[in-house]
Amino acid sequence: MTMIAGKTETIHIYHTNDIHSHFDNWPGISEFLLARRTEHDLAGESCYVFDLGDFVDRSHPFTEATTGKGNIELLNRAKYDAVTIGNNEGITLSHEALEELYSDAQFEVVVANLKNTDGRELQWAVPYTCFTTHNGVKLGVIGATAVYELFYSKLDWLIQEPRQLLADLASELKNTVDCVICLSHLGVNEDRLLATETSDIDVILGAHTHHLFVCGEMVENTLLAATGKFGQYVGHVTLCLENGQVVEKKAAVIPADDLKAEAQEVEGIQQMITFGTDRLDEEVFNAPLPLRQNLFGDSPLSDFFGRALLEYTKADCGLFNAGIFLGSVRQGIVTKRDLHRILPHPINACVVTVKGRALRDYYEISCHPDWPRTEVRGLGFRGSLMGAMIHVNLKMVDDVLYVGEKAVDPEAEYKLATLDMFTFGFFYPNMKFEKIDYLVPELIRDIAGWSGHENFGTTS
């Protein structure tokens, strides 16, 4: 063992996950982590701080304006030691933007199951890293992110199934380290499976499914820890080692509401966010008329976006929900800030190739009277209610479905433009089995901006 014989050591690990650019509690969290690190250093104890991904979320104007690099500066200021990536870092940014995201990071990025499409290891991340404590204890840190194969492949990344990779890494590291920590953005079910498949991982710090373990969860001999979402809690794992063996491990969470920051820290972070967000004040197009929203039916805004969607995708018809619009657009200059305000979602458009009979099924499902007031959470959606389903170039007349002016042939193929969140099986169960072409990295607000610029131009 690498540890000094007979020596007992306590290691403190603090962790966050799924912040999603919710910065309300961040000043208190940042100040707390810095203070705890100082306290442990003075006490001669080792302290490490990790984030488990989805710290970046383009639904926040600051993140959008800085392409996530402002978020990385916040992690630097809080002196994080290592992070893994979530799907919000991985598939809502372009290939180039993800490569650049961590260029100024003062911490390690650890992700074992993502590579370049030719199989080469990443330049900006490592599959594992190691830390050595004050008393010579060696910690191996491995990490992996959730598998969204269709999205990653479209963005020119190679994503791999993670559990066997992680188990193999942990087995290899156990020969040279005293303790293995896994930074997981895989979700609670995958974490539990991983814990049953290997005994070489001491702690799995979890994310992705926004689960909260107030006191951790033991699966076999592995401790699982997680802090929910949005910076509501900070996790604290304590490891006690004797003679290089982990003899005790505990998990707890600290409510972020209890963490109060000094006014200077709050003001400093707020100024940083405001300065970064000002980059969105760039004109995109000049709207000739107001584009007003309507949650419960068609509107000038849905008409505009519907035309944009078909124009951009070259599809035969379209389907989306009115709830994606979180505001209206005034007549005149429309900026990036305006488009982000009304369409903050990290959602991509896609084209689904369907037979006519399936198109009719999707149309009929979309007409269910409960949709407008259905609450929606997750899947990239950053609104609250689904709103009415909007049909573009698609209508039912006397029980006959039409695409444009032609009746739908049940055996013919049609291209349906819609939103990626409808293809995951939650709202239209069979749509996930269709041929789907995801349009990445453009988000739906990019499509709206492109159409406005092409059709209306700018004032300059």
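Residues numbered from 1 in each chain as written. Predicted model: local features only at pLDDT ≥ 70, side-chain atom pairs only at ≥ 80, totals over all residues. Heavy atoms only, no water.

1. Structural notes on the overall build of the protein chain
Assigned secondary structure in the protein chain consists of 13 helices and 24 strands. Seen along its three principal axes, the alpha-carbon backbone of the protein chain occupies a region of about 85 × 50 × 40 Å. When burial is assessed residue by residue, the protein chain has 55% of its 460 residues classed as buried. For the protein chain, the proportion of contacts with a sequence separation of at least 24, taken over those separated by at least 6, is 74%. Accessible area of the protein chain: about 19,400 Å², with a carbon and sulfur share of 48%. Looking at the protein chain, you have 38 positive and 66 negative side-chain charges, and the mean spots of the two groups are 3 Å apart. (Helix = DSSP H or I, 4+ residues; strand = E, 2+ residues; numbered from the N terminus. Buried < 20%, exposed > 50% of the residue type's maximum accessible area, 1.4 Å probe, protein only. Contact = heavy atoms within 4.5 Å. Areas by Shrake-Rupley, 256 points an atom, 1.4 Å probe, with all protein chains shown as cover. Lys, Arg positive; Asp, Glu negative; His and termini not counted. Charge placed at Lys NZ, Arg CZ, Asp CG, Glu CD.)

2. Comments concerning the pattern of salt bridges
Taken as a whole and assessed by the stated rule, the structure comprises 25 salt bridges. Of the charged contacts, one joins Lys115 and Glu121 as a salt bridge, the two residues approaching to 2.8 Å between their closest N and O atoms. Residue class for Lys115 comes out buried when judged on its relative accessible area of 13%. Glu121 sits in the partly exposed class, given a relative accessible area of 42%. Three or more residues joined by partner-sharing salt bridges are found here, namely Arg58, Glu64 and Arg445. (Salt bridge = Lys/Arg side-chain N within 4 Å of Asp/Glu carboxyl O.)

3. So, the nonpolar core
Of all hydrophobic cores here, the largest spans 102 residues; its most connected members are Trp26, Tyr102, Trp124 and Leu359. The contacts of Leu359, once residues within four sequence positions are left out, are Cys317, Val354, Leu394, Leu401, Val403, Val408, Tyr414 and Leu416. In this structure, Ala82, Val137, Val141 and Leu223 belong to the second largest nonpolar core, which totals 23 residues. (Core = buried A, V, L, I, M, F, W, Y, C linked by side-chain atoms within 4.5 Å.)

4. Thoughts on the sheet that holds strand β10 (residues 203–205)
Ordered in space as β6-β7-β9-β10-β12-β11, the six strands form an open sheet in which the pairing is mixed. Edge strands, defined here as strands with exactly one partner in the open sheet, are β6 (128–132) and β11 (217–219). Looking at each pair of strands side by side, their axes are set apart by 25° on average, direction ignored. Across three bridges, the pairing between strand β9 (residues 179–185) and β10 is parallel. Within β10, the residue paired with Leu183 across the bridge is Leu205. Seen against the sheet, helix α7 (residues 163–173) touches β6, β7 (138–145) and β9 and runs at an angle of roughly 170° to β7. (Pairing = 2+ DSSP bridges. Axes fitted to C-alpha atoms, helices over the stretch in contact; angles between N-to-C directions.)

5. Looking at helix α3 (residues 69–77)
One turn of an α-helix holds 3.6 residues; hence residues three or four places apart share an orientation. What α3 keeps buried is the set Gly70, Asn71, Ile72, Leu74, Leu75 and Asn76. Looking at the buried positions of α3, the neighbouring elements they touch are α1 (26–42), α2 (61–66), β3 (82–83), α5 (95–101) and α9 (263–277). Phi turns positive, to about 60°, at Lys79, one or two residues after α3.

6. Examining helix α8 (residues 188–197)
Residues of α8 that are buried include every one of Val188, Asp191, Leu194 and Ala195, and no others. The arc enclosing the buried residues of α8, seen along the axis, measures out at 120°, which places them on a common side. The inward-facing, buried residues of α8 contact α7, β9, β10, β11 and β12 (222–225). (Arc of directions from axis to C-beta.)

7. Things to note about the environment of Leu166
Among the structural elements, Leu166 can be located in helix α7. Leu166 sits 100 residues away from Thr66 along the chain, and the two C-alpha atoms are 32 Å apart. Non-local contacts of Leu166, meaning those with residues more than four positions away in its chain, are made with Ala112, Ile142, Gly143, Ala144, Cys182, Leu186 and Leu194.

8. As for the packing of aromatic side chains
The tally for this structure, following the rule as stated, stands at 26 aromatic pairs. Measuring from ring centre to ring centre gives 5.9 Å for Tyr14 and Phe32, while their planes differ by 85°; the resulting arrangement is edge-to-face. Here Tyr14, found in strand β1 (residues 8–16), pairs with Phe32, found in helix α1; they are 18 residues apart in sequence, far enough to count as distant. Exposure class is identical for Tyr14 and Phe32. Each is buried. Put simply, the rings of Phe23, Trp26, Phe55, Phe62 and Tyr80 pair up and form one aromatic cluster. (Phe/Tyr/Trp six-rings, centres within 6.5 Å; stacked < 30°, edge-to-face > 60°.)

Interpretation in functional terms is not warranted from these geometric data alone.
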